[in-house]
Amino acid sequence: MLRTMTLPVLTLLSACGGAGTPVTQAPTGLDAQIAAGERLVDRLDGVAATQFTAMPTTGQATFTGVANLFIDPVVATDADDIVVLGDLTTTANFDTGVMRGRIDNLNGATGFTASGYREIPVDGVLQIGGRESVIGNDVDDSRTNRPNDFYVDYQGDITLPDGTYSVDGTLDGQFLGTRTAEGVFPIRGLSGSGEGVASRGVEGTAGFTEYSADLDIIAEAPGRP
């Protein structure tokens, strides 16, 4: 399964179909998160990065959106791929240059074929920026290079039908859009992507497994575009 853009699996999930929701009902669970992610991509796709001079240096803002975790047990096959979508809430503190957040309300899919996929239950929470977090140009460690960049880690335990995985990785992102109206928060949204691993079992023992687990996020700030 190819990862080609922010939240790329939204396109693949929509194309594959899955169980679906009758048109007379509002989407719920995975379907609702797919729809929410598609709306965010439509609104933010092509939006330029926030202008350097518009980046806040004080205060804070909370961004809400959708996150996609992509676990790839066998790179050469798609049927075993695992997609986990979740609701993202993250707060950027521009005073301290730190971002903290979480991804919860998780829903999953696997068993990808040309005709669909199988929804699976997912339990757990992923923390954003719990150990590492940078907003703006990271002069000391060069984890970011521009005033509108951010860098965070992600980690947590998620339980799937075949067991509990420990997820750990880092994510590079950028703030998007520049609002110029007086009294309006200048940033419109954010997006980011990163690489990590999902491991199950105890490292060094016979049952230990480790797969790539990459994260994409997209979110909007409060207020009108």
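Residues numbered from 1 in each chain as written. Predicted model: local features only at pLDDT ≥ 70, side-chain atom pairs only at ≥ 80, totals over all residues. Heavy atoms only, no water.

1. Here we look at the confidence of the model for the protein chain
Consideration 1: Averaged over every residue, the pLDDT of the protein chain is 87; residues scoring 70 or more account for 87%.
Consideration 2: Highest mean pLDDT in the protein chain belongs to strand S5 (residues 123-124) (98); lowest belongs to helix H1 (residues 9-16) (56).
Consideration 3: In the predicted structure, residues 1-6 sits below a pLDDT of 50 and forms 22 contacts with residues beyond four places in sequence or in another chain. (pLDDT = per-residue confidence, 0-100. Helix = DSSP H or I, 4+ residues; strand = E, 2+ residues; numbered from the N terminus. Contact = heavy atoms within 4.5 Å.)

2. A word on the pattern of salt bridges
Consideration 1: Throughout the structure, instances matching the rule amount to eight salt bridges.
Consideration 2: Put simply, Asp 153 and Arg 131 hold a salt bridge, and the shortest N to O gap is 3.2 Å. Separated by 22 residues along the polypeptide, Asp 153 in strand S7 (residues 149-160) and Arg 131 in strand S6 (residues 126-135) bring together distant segments of the chain.
Consideration 3: Residue Arg 131 is classed as exposed on the basis of its relative accessible area, which comes to 54%.
Consideration 4: Here Asp 168 ties to Arg 131 by a salt bridge, and the two come within 2.6 Å at their closest N and O atoms. With Asp 168 in strand S8 (residues 163-176) and Arg 131 in strand S6, this pair connects stretches of sequence that are 37 residues apart. (Salt bridge = Lys/Arg side-chain N within 4 Å of Asp/Glu carboxyl O. Buried < 20%, exposed > 50% of the residue type's maximum accessible area, 1.4 Å probe, protein only.)

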